[in-house]
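These are the residues of each chain, in order.
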Amino acid sequence: MSNTKAELIAENAALRRRIDELQSGDLTARLRESERRFDTLVDESIQGIVVHRDLEPLFINQAYAAIHGYEGAAEMRRLPSLLATIHPDDRALISDMNNRRKSDDAPLASYEIRGLRKDGTTIWLEVSGRVITWQGEPAVLSVAIDITQHKRAIKAMEDSERRFRDFATAASDWFWEMGPDLRFTYISEKFFEVTGLEAKDSLGVKRAKLADPNDPSDNNESWNEHLADLEAHRPFSNFEYAVVAFDGSIKHVRISGRPVLDENGEFAGYRGTGTDVTVQYQAEERSRQLITAINAMSETLALVDAEDNFVFFNDQYRRLGEPAARTLAQGLPYQDHIKALLAQGLFPEARGREDEWFQERMERHLNPAEPFEVPRDDGNLMLINEQRLPDGSVIMISTDISELKLAQTALADSESRFRELADLLPMSICETDLSGKITYANRKAMEHFGYSGTEFAAGLSVFDLMVPDQRLRASFMAMRILHGREEGAQGYEYTAVRRDGSHFPAIIMASTIIEAGKPMGLRGVVVDITDRKKAEDELIKNEERFRDFAEMGADWFWELDDQFRFSFISENISRLGVAPQDLIGQSFERF
């Protein structure tokens, strides 16, 4: 079997000629479906794919064009040479590699280069390639990954390290000071960057003046305790409140402070630090919104505890069980609810064998395995998916699949071609059925997760490739994607699990597999973002070191420009009897 795109296309051309000879409409439809799957895999790939000969583009997929800022592959194919998309400083390298291929010298299997977008901006690419046969002649198949953000993260980490070396101490997000009347006498610049407020509006006022007047914390116990701490001159830590920014947005901040005494031991005010926790607050708010969304979803969702009593159920679950569901309440045993629905005559399959049906249903519920279908007396067909969670509880999601016809045609020749092309790609690709069972995994997925093809084919679920506490979210998102209520191509971040139990961070992008006009499962790509996460974690660690040293900082801070003149000096210099503004622009040696 051929391993190249060119040979696959030639094979398909031969098949089309045979189809014409046989005049078989059924075989033609099968071949077209095969071609559509090939085109879908290549065109919907998030990686850029290009085939060229002597740097003249022969084939470009949509992702490659998008990476370079072109509207479509057709526009990019009009370029006379791919050198136009390479940074001038890297063109000699690319030309040299191209010549080495001609002389049968082995090129670099994977390398990094700078590319140019259509608008002239520079991007970083990780490129891998191999020589193939295209339309009977040698050509080069290259796969490009945009690593610009990764490069930026590394640069940000390096910049952070330089900042750490430049300062003997590190700082929290901002510093503040209060006088004995509990009014602000100093707030460092970071606070104004975060809020957009000006010093004239913030200094000389009490903290409550800066707080959001609509913040419920104005009246709650924590705010009252904070005011009491200030009046009693007690130290405090991690007090959170809301601030109205200059643009009207709400910023959530966390502050800590300790009282300052003068040389006579008298209270002289407060000195402390502040941190912007808006992102953390918004994340918690999104969690609350997720609960609201689950409660409003069209699928039914319910959760019972390890003792099989109801903990949660959404509105749709209650509506589909009316009128028996009127007795639904937290703590109600699940079997009592099923008995009420059974007495209502909701399940046609149970008529005349109610006791036997009840025992079968409870056995499935107490030992959840594969999703199963349950017809209802209203003509609807429900797909029930129950999963036992690590704490012994059971999550139940049911979807109305009345309008879905679970039909699936397997074409052996198309599957073989699809898998060979997928095995050429440098990322993990998987396909699942409607229940999440993996029906296909490419070679890269087997290498990455450590499972053999036999193990994948034995019924491994895609949710087994994630840490347990993320499986419910993944199942929920998969259901949303299957029913067209979520765009999976944008990608979602999860913690993946290999066969040996090791973890790695990954972005998973998925789309619905459509056959005969009906959804049959999911097709997804797994991208390992370990390196990016390490860079981000290192950046955070350095920032934390920066803040820790600031808490042990010197009495005052300064910065010099390239002429060794003061460009910044903190207010604490006034303790030496010098006004900061008098030193700005002055030579360090003069000082």
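Note that the structure is a prediction, hence the values are computed from the model and not measured.

Q: Break down the environment of Tyr281 for me, with residues and values.
A: Position of Tyr281 relative to the elements: it lies in helix α11 (residues 278–296). For the pair Tyr281 and Val253, spaced 28 residues apart in sequence, the C-alpha separation works out to 9.3 Å. With sequence-adjacent residues up to four places away left out, Tyr281 is seen in contact with His252 and Arg288.

Q: Would you mind going over the nonpolar core in detail, with residue names and values included?
A: Within the largest apolar cluster, 32 residues are counted, with the highest numbers of intra-cluster contacts made by Phe449, Phe456, Leu465 and Tyr494. Looking at this core, the elements with two or more residues in it are β15 (394–400), β17 (438–441), α16 (443–449), α18 (471–482), β18 (492–497), β19 (503–515) and β20 (518–528). Grouped together as the second largest cluster of nonpolar side chains are 25 residues, Phe313, Leu328, Trp357 and Met362 included.

Q: If you had to explain the packing of helix α13 (residues 334–343) against helix α14 (residues 354–366) to someone new, which residues and values would you point to?
A: Direction vectors running N to C along α13 and α14 enclose 145°, while the axes themselves pass 11 Å from each other. Between α13 and α14 lies a crossing of right-handed hand. Residues Tyr334, Gln335, Ile338, Lys339 and Leu342 of α13 form the contact with α14, whose participating residues are Glu354, Trp357, Phe358, Arg361, Met362 and His365. Within the contact of α13 with α14, the residues separate by chemical class into six nonpolar, two polar and three charged.

Q: Would you mind going over α18 in detail, with residue names and values included?
A: Between its terminal C-alpha atoms α18 stretches 16 Å, which fits the 16 Å expected from twelve residues at 1.5 Å a residue. The element α18 is largely enclosed, with a buried count of nine among its twelve residues. Listed as buried for α18 are Ala474, Ser475, Phe476, Met477, Ala478, Met479, Arg480, Ile481 and Leu482. Looking at the buried residues of α18, the elements they touch are α11, β14 (381–388), β15, β18, β19 and β20. Positive phi shows up at Gly484, right after α18, with a value of about 75°.

Q: An account of the sheet that holds β15 is requested, with residue identities and associated values reported.
A: Within the open sheet, the five strands sit side by side as β12-β11-β15-β14-β13. Their pairing is antiparallel. The sheet is open, and its two edges are formed by β12 (310–313) and β13 (372–375), each paired on a single side. Across the sheet, the mean angle separating the axes of adjacent strands is 25° when strand polarity is ignored. The sheet contact formed by strand β11 (residues 300–304) and β12 spans three bridges and is antiparallel. Note that in β12 the partner of Ala302 across the bridge is Phe313.

Q: Before we move on, can you summarise empty space enclosed by the protein with the specific residues and values?
A: Evaluated as defined, the whole model comprises seven cavities of 30 Å³ or more. If you add up the space inside the largest cavity, you get close to 420 Å³. Of all the secondary structure elements, the ones that give two or more residues to the lining of the largest cavity are β14, β16 (428–432), α18, β18, β19 and β20. There is about 310 Å³ of room inside the second largest cavity. For the lining of the second largest cavity, the secondary structure elements donating two or more residues are α12 (315–320), α13, α14, β14 and β15.

Q: Which residues make up unusual backbone geometry, and what are the values?
A: Residue Pro323 is bonded to the preceding Glu322 through a cis peptide linkage, with omega at -5°. With respect to the helices and strands, the residue Pro323 is situated in the loop between α12 and α13. The phi dihedral of Asp308 falls on the positive side, at around 70°, and the residue is not glycine. Tracing the sequence through the fold places Asp308 in the loop between β11 and β12. The phi dihedral of Phe564 is positive, around 60°, even though this residue is not glycine. By secondary structure assignment, the location of Phe564 is in the loop between β21 (558–560) and β22 (566–569).

Scoring rules and cut-offs
- Residues numbered from 1 in each chain as written.
- Predicted model: local features only at pLDDT ≥ 70, side-chain atom pairs only at ≥ 80, totals over all residues.
- Heavy atoms only, no water.
- Helix = DSSP H or I, 4+ residues; strand = E, 2+ residues; numbered from the N terminus.
- Contact = heavy atoms within 4.5 Å.
- Core = buried A, V, L, I, M, F, W, Y, C linked by side-chain atoms within 4.5 Å.
- Buried < 20%, exposed > 50% of the residue type's maximum accessible area, 1.4 Å probe, protein only.
- Axes fitted to C-alpha atoms, helices over the stretch in contact; angles between N-to-C directions.
- Left-handed = near helix turned anticlockwise from the far one by under 90°.
- Nonpolar A, V, L, I, M, F, W, Y, C, P; charged D, E, K, R; others polar.
- Expected span 1.5 Å × (residues − 1).
- Pairing = 2+ DSSP bridges.
- 1 Å grid on protein atoms, 1.4 Å probe; cavity = no way out; pocket = protein on both sides within 12 Å on 5 of 7 lines; lining within 4 Å.
- Points joined across faces, edges and corners; volume = space filled by probe spheres on them.

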